[in-house]
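Inside the fold
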Amino acid sequence: MTGKLITFEGPDGAGKTSALNAIVAQIQPQLGDRLVVTREPGGNQISESIRQIILDRHNTAMDKRTEALLYAAARRQHIVQKILPALKGDQLVLCDRFIDSSIAYQGAGRGIGEDAVATMNEFATEGLTPDLTLYFDVDAAVGLKRIQTHRQDEINRLDVEALSFHHRVQAAYLRLLAANPDRIKRVDASQSLDQVVAQGLAIIQTKLPQYFTTEGKSKL
Ligand SMILES: Nc1ncnc2c1ncn2[C@@H]1O[C@H](COP(=O)(O)OP(=O)(O)OP(=O)(O)O)[C@@H](O)[C@H]1O
Ligand SMILES: Cc1cn([C@H]2C[C@H](O)[C@@H](COP(=O)(O)O)O2)c(=O)[nH]c1=O
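Here is what the cut-offs are and how they apply
- Residues numbered from 1 in each chain as written.
- Chains lettered and ligands numbered in written order.
- Predicted model: local features only at pLDDT ≥ 70, side-chain atom pairs only at ≥ 80, totals over all residues.
- Near = placed C-beta within 6 Å.
- Helix = DSSP H or I, 4+ residues; strand = E, 2+ residues; numbered from the N terminus.
- Nonpolar A, V, L, I, M, F, W, Y, C, P; charged D, E, K, R; others polar.
- pLDDT = per-residue confidence, 0-100.
- Pairing = 2+ DSSP bridges.
- Axes fitted to C-alpha atoms, helices over the stretch in contact; angles between N-to-C directions.

Near ligand 1 lie 15 residues; those nearest to it are Gly15, Thr17, Ser18, Arg146 and His150. If you list the elements that add at least two residues to the shell around ligand 1, you get helix H1 (16-31), helix H6 (140-150) and helix H8 (193-207). Taken together, the residues of the shell around ligand 1 sort by class into four nonpolar, seven polar and four charged.

Dropping the structure here:
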């Protein structure tokens with residue numbers, strides 16, 4: 001496979017989706033239809049249906065292992081139906097969240113165990129690992145405050161968890177960052193959105209220069 005997979009990770013409200021959209025706006029003219037933008041849970045009809053079930057605030061009875069399995073099932077379908085075909089077709093895939101979210105949220109946040117969730121996801125991913133992960137680093141409380149202030153209509157079942165849950169998620173992300181220095185790069189998400197976008201884009205262009213020429217034209 002010659003395509004590349006870049007994932008965007010971080011606590012809720014870190015600004016991943018905002019930054020991803022701004023980065024896409026900048027590189028889409030160069031990459032055209034060689035660029036694939038997607039998200040987890042979701043990215044295809046089956047996985048989007050699973051997303052609705054997982055994030056529905058009425059599903060308060062959902063067991064934590066059921067939740068972990070549903071994220072992994074959505075991921076499996078996403079990989080098979082969208083990510084692998086794109087990578088086989090030499091495309092650059094930008095994905096809003098991936099396996100690190102499961103390790104941080106279900107492994108640490110829910111307390112299932114980071115190693116157990118990583119092992120369980122091996123079955124879903126068959127070892128597929130991102131080529132690059134941008135970690136949007138912001139204090140969990142700051143991220144939640146951004147959501148509560150600006151995004152009342154989209155608050156989901158995980159957003160409303162206690163601050164202690166989100167602190168466990170953030171701590172797990174920082175452990176992943178420390179353990180995977182080649183793959184996971186930190187973006188200071190406490191900056192202005194423009195600064196966040198500039199830092200994220202610079203990391204992508206440094207790590208995957210083959211997609212960008214000095215003239216600003218795609219080499220794909
Ligand atoms: N750098 C920033 N500074 C201040 N506010 C920001 C910044 N980036 C994004 N926001 C705002 O914070 C809110 C959350 O942003 P966004 O949806 O991009 O975060 P996210 O990391 O994708 O969150 P989630 O994982 O919960 O979907 C939005 O209202 C957005 O406008
Ligand atoms: C992939 C994935 C996601 N989550 C959580 C993280 C968020 O709270 C929601 C997704 O909502 P977003 O607005 O699209 O960020 O789901 C998780 O707990 N585990 C996962 O594997």
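We are not done yet, so read on.
Take the site of ligand 2 next. Near ligand 2 there are 13 residues, and of these Tyr71, Ser101, Ser102, Tyr105 and Leu158 occur at the shortest range. Class assignment for the residues of the shell around ligand 2 results in four nonpolar, four polar and five charged.

What follows deals with the confidence of the model for the chain. The predicted coordinates ought not to be read in detail in places where the model reports low pLDDT. Overall, the predicted model of the chain reaches an average pLDDT of 94, with 95% of residues at or above 70. For this predicted complex, the interface confidence comes out at an ipTM of 0.98, alongside a pTM of 0.96.

Quick look at the sheet that holds strand E5 (residues 184-188) now. Sheets are built from strands paired through backbone hydrogen bonds, the pairs being either parallel or antiparallel. Overall, parallel pairing links the five strands, which are arranged E2-E3-E1-E4-E5 in an open sheet. Bordering the open sheet on either side are strand E2 (35-39) and E5, each of which pairs with just one other strand. Within this sheet the neighbouring strands show an average axis-to-axis angle of 20°, counted without direction. Relative to strand E3 (residues 92-96), strand E1 (residues 4-9) is paired through five bridges, and the arrangement is parallel.

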